[in-house]
Protein chains: 2
Amino acid sequence: MPEPPETEGQNRLYLEDLAVGRRFSSATHVIDAAQIKAFAAQFDPQPFHLDDETAKGTLFAGLAASGWHTAAITMRLLVESGLPLVGGIIGAGGEISWPKPTRPGDVLRVVSEIEEIVPSRSRPERGMVRVRSETRNQRDEVVQVLIAKLVVPRRTAAPAAAREPATK
Amino acid sequence: MPEPPETEGQNRLYLEDLAVGRRFSSATHVIDAAQIKAFAAQFDPQPFHLDDETAKGTLFAGLAASGWHTAAITMRLLVESGLPLVGGIIGAGGEISWPKPTRPGDVLRVVSEIEEIVPSRSRPERGMVRVRSETRNQRDEVVQVLIAKLVVPRRTAAPAAAREPATK
């Protein structure tokens, strides 16, 4: 029986398609001072994210994006181009760090690597994948590391035999 | 010599003012479907964050906020009312998880507890504080747990003798 036509899900990956060590790269996003200040005004209203002059006298020594802004941009890059998973990107949680500030003018992109694949015992239709995503700027400096646990669907529609090698 | 007049920093806490086990509570924020969709359109454009009807057929079984939206709202609550630190809230990183979805109509607040205080050896003017922040809804369900490492300034202006007990 032919598979139903796919449009949105085309070329998107199931758990069985992933392998530890497989890497993905996203498109880029250019962040500017206006974006940094707009995000900060809404979600992280602190002087080092809001005002160029005041920021100079802080630990950041200049305007820097909220870490949560870097995280949000990273998510957009992952969703749109960085990690083509069939069910979307559904995170249960993870570890996050910001080794360097994100600055106005930075060109951000996300490089991800599959670190672990764990099929669920209780839920045969899915599994958990640990992915390390580094958000890098135009100088290849890492501004964020996110190690996320994602829920990824299995290709359960296929009968068991189809998952065996074709020849033995 | 009298201390300079403080306005912004009034009643804000230095490293020496914190103690393991001390708790803080934030004000509340009411999240609605319009906020959820606006954040998702900008940063996490996936069907379960964008459209009520489509969301019903997903793992979330209804519209849910992006985890990064919950994180951003948590940050705003911490900055404005939840954690009055003298240098602001400067995070080096941490662990984050979302045990339950954030839903339209949820009334979010953040309850934080100091878990560890580590004065810096190399930087005598500051230290690192580990804070567990639970974001809870109106039913007291935890929708996010953030265990963050924050940089907190010491009250270095005081001479060494002033940090000893007043009587012995």
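Rules and cut-offs
- Per chain, the residues get numbers from 1 upward, laid out in the order the sequence is written.
- Note on labels: chains are lettered from A, ligands numbered from 1, in written order.
- Two thresholds apply to this predicted model, a pLDDT of at least 70 for residue-level local features and 80 or more for giving and counting side-chain atom pairs, whereas whole-chain, interface and lining totals are computed over all residues.
- The side-chain figures draw on all heavy atoms in the structure; neither hydrogens nor water molecules are used.
- A run of H or I in DSSP counts as a helix once it spans at least four residues, and a run of E counts as a strand once it spans at least two, with each numbered from the N terminus.
- For a helix, the expected span equals 1.5 Å multiplied by the number of residues minus one.
- For every residue, the accessible area (1.4 Å probe, protein chains only) is compared with the maximum for its type, and the residue is labelled buried under 20%, exposed over 50%, or partly exposed between those bounds.
- Confidence scores labelled pLDDT are given residue by residue by the predictor and lie between 0 and 100.
- Any two residues whose heavy atoms approach within 4.5 Å are treated as being in contact.
- Any two strands between which DSSP finds at least two bridges are classified as paired.
- Every angle, taken between N-to-C directions, lies between 0 and 180 degrees, and every axis is a line fitted to C-alpha atoms, over only the stretch in contact when it is a helix.
- Each of two parts loses accessible area, computed with a 1.4 Å probe, when they are put together; buried area is these two losses added.
- For salt bridges, the criterion is a side-chain nitrogen of Lys or Arg within 4 Å of an Asp or Glu carboxyl oxygen.
- Throughout this description, a polar contact denotes any pair of N or O atoms lying within 3.5 Å of each other; where both atoms belong to protein, one of them has to be capable of donating a hydrogen while the other can accept it, and for residues adjacent in sequence the pair is counted only when both atoms sit in side chains.
- Residue polarity is assigned by list, with Asp, Glu, Lys and Arg as charged and Ala, Val, Leu, Ile, Met, Phe, Trp, Tyr, Cys and Pro as nonpolar; anything else, Gly included, falls into the polar class.

Visitor: Can you help me understand helix 4 (residues 67–82) of chain A in this one?
Guide: Because an α-helix packs 3.6 residues into every turn, residues spaced three or four apart end up facing the same way. An ideal rise of 1.5 Å per residue puts 22 Å on 16 residues; helix 4 of chain A reaches only 19 Å between its terminal C-alpha atoms. Across the 16 residues that make up helix 4 of chain A, a large majority, 13, are buried.

Visitor: Help me understand the confidence of the model for chain A, please; the structure alone is not making it clear to me.
Guide: The predicted coordinates of low-pLDDT regions are not to be read in fine detail. All names here are of chain A. Averaged over chain A, the pLDDT score is 89; the fraction of residues at 70 or greater is 86%. Long-range and interchain partners of residues 1–9, a stretch whose pLDDT sits below 50, account for one contact in this model, where long-range means more than four residues apart. Long-range and interchain partners of residues 157–168, a stretch whose pLDDT sits below 50, account for four contacts in this model, where long-range means more than four residues apart. Scored as a whole, the predicted complex attains pTM 0.88, and scored at its interfaces, ipTM 0.87.

Visitor: What am I meant to see in the sheet that holds strand 2 (residues 91–97) of chain B here?
Guide: Strand-to-strand pairing in sheets goes through backbone hydrogen bonds, with the strands running parallel or antiparallel. Taking strand neighbours across the sheet as the criterion, the 10 strands line up as 1(A)-3(A)-4(A)-5(A)-2(A)-2(B)-5(B)-4(B)-3(B)-1(B) in an open arrangement whose pairing is antiparallel. Single-partner strands in this sheet number two, and they are strand 1 (23–30) of chain A together with strand 1 (23–30) of chain B. Ignoring strand direction, the axes of neighbouring strands in this sheet form an average angle of 20 degrees. Here strand 3 (residues 107–119) of chain B runs beside strand 4 (residues 126–136) of chain B; their pairing, made up of 10 bridges, is antiparallel.

Visitor: Mind showing me how you'd approach the interface of chain B and chain A here?
Guide: In many reports, interface size means the accessible area that the parts give up when they come together. Contacts between chain B and chain A engage 34 residues on the former and 34 residues on the latter. Taking both sides of the interface into account, the surface hidden between chain B and chain A amounts to around 2,700 Å²; carbon and sulfur atoms contribute 68%. Applying the counting rule to chain B against chain A returns zero salt bridges. Joining chain B to chain A, the criterion identifies 12 residue pairs in polar contact (both at pLDDT 80 or more). Going through the elements one at a time, helix 1 (33–43), helix 4 (67–82), strand 2 and strand 5 (142–153) of chain B are the ones with two or more residues in the side of chain B that touches chain A. Residue composition of the side of chain B that touches chain A, by class: 20 nonpolar, nine polar and five charged.

Visitor: Just checking my understanding: could you explain the pattern of salt bridges for this structure?
Guide: A pair can form between side chains of opposite charge whenever their charged atoms are brought close. Residue and element names in this part refer to chain A. Applying the stated criterion across every chain yields a total of 28 salt bridges over all chains. Between R155 and D17 there is a salt bridge, and its shortest N-O distance comes to 2.7 Å. Residue R155 is found in the segment after strand 5 (142–153), and its partner D17 is found in the segment before strand 1; the two are separated by 138 residues along the sequence. Residue D17 is classed as partly exposed on the basis of its relative accessible area, which comes to 24%. Two residues, R139 and E141, come together in a salt bridge whose shortest N-O distance is 3.2 Å. On the basis of relative accessibility, which here comes to 24%, the residue E141 falls in the partly exposed class.

Visitor: Just to check I follow, could you spell out the environment of P101 of chain A for this structure?
Guide: All names here are of chain A. Here P101 is to be found in the loop between strand 2 (91–97) and strand 3 (107–119). Separated by 34 residues in sequence, P101 and G67 place their C-alpha atoms 7.8 Å apart. When near neighbours in sequence (up to four residues on either side) are disregarded, P101 contacts F60, A64, D106 and V143.

Visitor: Mind showing me how you'd approach unusual backbone geometry here?
Guide: Backbone phi values are negative for most residues with the exception of glycine, while trans is the configuration of most peptide bonds. Residues and elements named next belong to chain B. Positive phi, normally seen in glycine, also occurs at A61, with a value near 50 degrees. Within the fold, A61 resides in the loop between helix 3 (52–56) and helix 4. The exposure class of A61 is exposed, given its relative accessible area of 55%. In this model, D140 sits at a positive phi of 65 degrees, which is unusual for a non-glycine residue. On the basis of relative accessible area, D140 is assigned to the partly exposed category, the value being 42%.

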